[in-house]
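# Reading the structure
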Amino acid sequence: MRIALFLTCLGDALHPEVGRATVTLLERLGHEVVFPTDQTCCGQMHINTGYQREALPLVRHHVATFEPYDVIVAPSGSCVGCVRHQHAMVARGAHDERLAERADAVAGRTYELSELLVDVLGVEDVGAYYPHRVTYHPTCHSLRMLRVADKPLRLLRHVRGMTLLELPESDQCCGFGGTFALKNADTSTAMLADKMRNVLSTGAEVATAGDASCLMHIGGGLSRLRSGTRTVHLAEILAST
Amino acid sequence: MSTFLGIPAPRGVGHLRGDRSFPDAARGALADSQLRRNLGHATRVIRGKRAAVVGELDDWEQLRLAGSALKAATMARLDEHLERLEQEVTARGGTVHWARDANEANAIVTRLVQETGASEVVKVKSMATQEIGLNEALEAAGIEAHETDLAELIVQLGGDLPSHILVPAIHRNRAEIREIFLREMPGVDPELTAEPRKLAMAARAHLRERFLRAKVAISGANFGVADTGTLLVVESEGNGRMCLTLPETLITVMGIEKVVPTWQDLEVFLQLLPRSSTGERMNPYTSAWTGVTPGDGPQAFHLVLLDNGRTAVLGDDLGRSALHCIKCSACLNVCPVYERTGGHAYGSVYPGPIGAVLSPQLTGVEDNASLPYASSLCGACFDACPVRIDIPSLLVKLRAQHVDEQRKRAVPSAEAIAMAAASWVMSSPRRFAAAEKGSRAGRLLGRRAGRIRTLPPPLSAWTASRDAPRPPSETFREWWARERGGDS
Ligand code: SF4
């Protein structure tokens, strides 16, 4: 299958390893990956902070960039959530019904990584080997906007050599929330502290998730604590052999 | 198209606006370890109970859909239902008063109490009367109001403000309650212990005296059935029922959104409410009263229908769903922000996720501009809400309203400039790639640590407690170009 990779702005600029892992993984499963180089950002930060007008050109650009592709994947639950639930809303807010329809069509062909693997490609065992103690944090947008449910866990359970440790209070938000982490930094830190306590209580070496942004938050906290536990994106675990 | 019908709730009266922004007010609460412990424990217990009883029903999702549909249908013809309610209440011997805002409602209630000659009233726990600051208005007129709900009593005696819709004293523990009782209850047993039973008995003795003495009671209403002119209050302790039956005069203050067309609609809500709020299958005390019945219960009944910003909310197609709220408090108990800050940080009688959308809607967003941002948009509130209010979408919409208000300023904020710049950069792949190159200068910042430990404002809020990732030596698109030769 020919799959277009939407890496997200954060992935491109700060976490290229997540993009490389996604390419490795999908190619190993026998698929062709293309990277539409015009892509930039889905506009989630603008939309969620209230800058709908500024988000409109980003939505228009994203739709135009990905319209030619039949299957689009992003290793990010929140960006897929934005594409699926907010792009058409922004277009309609600007009274551009045509754009809204096009956005809905692109959204219908856009999948989060675990959705693509399990629902579209029909694989749960991707042939990975990762000899570490790992705990999984289901990020809020994967969990509640996309309802990926246990798909990431099903993929992780097939990884050889890995010990999967259950994360207590896993469905609690890590406190990132985009600009929330800046605007309400103290509350965000309190939420992060509890998330880290739960992660550390598992004894895991690695905390994983399907969102680079939440991992940046949790990982930034764990690093500040010199905790010895690191964060690794789900795609990287699934790509390792 | 929506027409602007109403006016926002007036300033300077009632409790819909805080005097500090949310992040500012939250700071103190976050540092209070006792408060954090009390809240964490209480919300976790209620969350667990709720999840268990909701899990028992295999038609829970259908019930939620029904609740949501009933609310939407009712709101669409609210005027007709309210007129019907007025008609039926009047036909059964009650008197209906319409109050445009907090000031009018307070004036009406004060006058009604004064006409009875009473100088004190007993009160059933009511959000509406807290919203309008009725107790303060009565006090100014020389009338003492006694709260009779146990938690509300604790708050009142403690000279405190409620911090939860359902459990107003959630921020207090037993030891603190004992101290308040010893300090504030006349004639309390000095040997009082912090045992729940002992505390409840002390409160009971204190309240009994007031119930028997009171000539006037003031209540809120969870529902008003238009069809029969019946008002309902659901509660757990039975104290409300004492107020509703013993006094000679009963005055009910009800927000106009609380009307339901028929008894059949109640069937849905009386299933949704107790399970969502207290985690119980059925409500312990559900009291309903219709007009006046000669020789039985209060002989004078007044219903005050309160707008106070509601018709303004109603005029907004998406925003009006906030009025569907049945004040169950489920969204508070699942909200990670509320769990850490408690209710006082919201500065309004409506705290938590629903407060973060309802308060700014009632007051106009500029009077509560920090509240729509008091959420990480994790979505737990939407999942918990028994009437499926899409709180995250409402938050985003209110943020947009606030930003649009800010656009009218002569000088744009630093944030607005940054957002406009980011939009300009990111709507062009060429500009975006150039910006990525520029950000690589950031690599110098954390050269030694491999992680960045300090960033300039506003990003310093991030590095106050978290390291930031160092920009990589090569972006993905550069890697792709190198490996795969440019275009896809
Ligand atoms: S918004 Fe929903 S969950 Fe929150 S108090 Fe209202 S009805 Fe309950």
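Please read these numbers as outputs of a predicted model, since none were measured by experiment. Sequence positions are assigned chain by chain, starting from 1 and proceeding in written order. To label them, take the chains in the order written and letter them from A, then take the ligands in the order written and number them from 1. In keeping with the predicted nature of the model, local features appear solely for residues at pLDDT of at least 70, side-chain atom pairs appear and are counted solely at 80 or more, and the whole-chain, interface and lining totals rest on all residues. By convention in this description, side-chain values take in all heavy atoms of the structure and omit both hydrogens and water.

## Some points on the UniProt feature "domain: LUD" (unreviewed entry) in chain B
Per the UniProt record, "domain: LUD" (unreviewed entry) is annotated on residues 82-291 of chain B. For the purposes of this entry, the term helix denotes a DSSP run of H or I that reaches at least four residues, the term strand denotes a run of E that reaches at least two, and both are numbered from the N terminus. The span residues 82-291 of chain B carries 46% helix and 20% strand; its end-to-end C-alpha distance comes to 16 Å. UniProt positions are given in the numbering used here, feature names are shortened, and annotations may be inferred rather than shown by experiment.

## Digging into the domain arrangement of chain B
On domain assignment, one finds that chain B holds domain 1 (22-312) and domain 2 (414-484). An automatic or database domain assignment provides the domain bounds reported here. Domain 1 of chain B and domain 2 of chain B are separated by 51 Å when their C-alpha centres are compared.

## Some points on the environment of Ser 359 of chain B
All names here are of chain B. Considering the arrangement of structural elements, one finds Ser 359 in helix α16 (residues 352-363). Placed 149 residues apart in sequence, Ser 359 and Arg 210 show a C-alpha to C-alpha distance of 33 Å. Any two residues having at least one pair of non-hydrogen atoms within 4.5 Å are treated as being in contact. Setting aside residues no more than four positions away along its own chain, Ser 359 makes contact with Leu 16, Ser 348, Tyr 350, Ile 354, Asn 368 and Leu 371. Polar contacts here mean pairs of N or O atoms no more than 3.5 Å apart (in protein, one a potential hydrogen donor and the other a potential acceptor; neighbouring residues in sequence count only if both atoms are side-chain atoms). In terms of polar contacts, Ser 359 uses its side chain to reach the backbone carbonyl oxygen of Tyr 350, at 3.5 Å. At 2.9 Å, the side chain of Ser 359 forms a polar contact with the backbone oxygen of Gly 355.

## Topic: the pattern of salt bridges
A carboxyl oxygen of Asp or Glu within 4 Å of a side-chain nitrogen of Lys or Arg is what we treat as a salt bridge. Under the criterion given, the structure shown has 54 salt bridges over all chains. Glu 32 of chain A is the salt-bridge partner of Arg 2 of chain A, the closest N and O atoms lying 3.7 Å from each other. Of this pair, Arg 2 of chain A sits in strand β1 (residues 2-5) while Glu 32 of chain A sits in strand β2 (residues 32-34), placing them 30 residues apart in sequence. Partly exposed describes any residue whose relative accessible area lies between the buried limit of under 20% and the exposed limit of over 50%, with all areas from a 1.4 Å probe on protein chains only and scaled to the type maximum. Residue classification places Glu 32 of chain A among the partly exposed positions, given a relative accessible area of 43%. We note a salt bridge from Arg 172 of chain B to Asp 160 of chain B, for which the minimum N-O separation is 3.1 Å. Here Arg 172 of chain B, found in the loop between α8 (150-157) and α9 (174-184), pairs with Asp 160 of chain B, found in the loop between α8 and α9; they are 12 residues apart in sequence, far enough to count as distant. Salt bridges linked by common partners bring Glu 169 of chain A together with Arg 44, Arg 47 and Glu 339 of chain B together as one network.

## Describing the interface of chain B and chain A
Buried accessible area, meaning the area lost when the parts come together, often serves as the stated size of an interface. Counting residues at the interface gives 66 residues for chain B and 69 residues for chain A. With both chains or domains summed, chain B and chain A bury close to 5,800 Å², and 57% of this area falls on carbon and sulfur atoms. Applying the counting criterion to the chain B and chain A interface returns 11 salt bridges. For Arg 407 of chain B, the salt bridge goes to Glu 54 of chain A, with nearest N and O atoms at 2.8 Å. Counting across the interface, chain B meets chain A through 32 residue pairs in polar contact (both at pLDDT 80 or more). Residues were grouped as follows: Ala, Val, Leu, Ile, Met, Phe, Trp, Tyr, Cys and Pro as nonpolar; Asp, Glu, Lys and Arg as charged; and all remaining residues, including Gly, as polar. Of the residues in the side of chain B that touches chain A, the class split is 33 nonpolar, 13 polar and 20 charged. The term buried area refers to how much accessible surface (probe radius 1.4 Å) is lost by two components on association, counted for both of them together.

## Brief notes about helix α8 (residues 113-120) of chain A
Residue and element names in this part refer to chain A. Burial analysis of α8 places six of its eight residues in the buried class, the great majority of the element. Within the span of α8, buried status applies to Leu 113, Ser 114, Glu 115, Leu 116, Leu 117 and Val 118. Looking at the residues trailing α8, positive phi occurs at Gly 122, about 70°.

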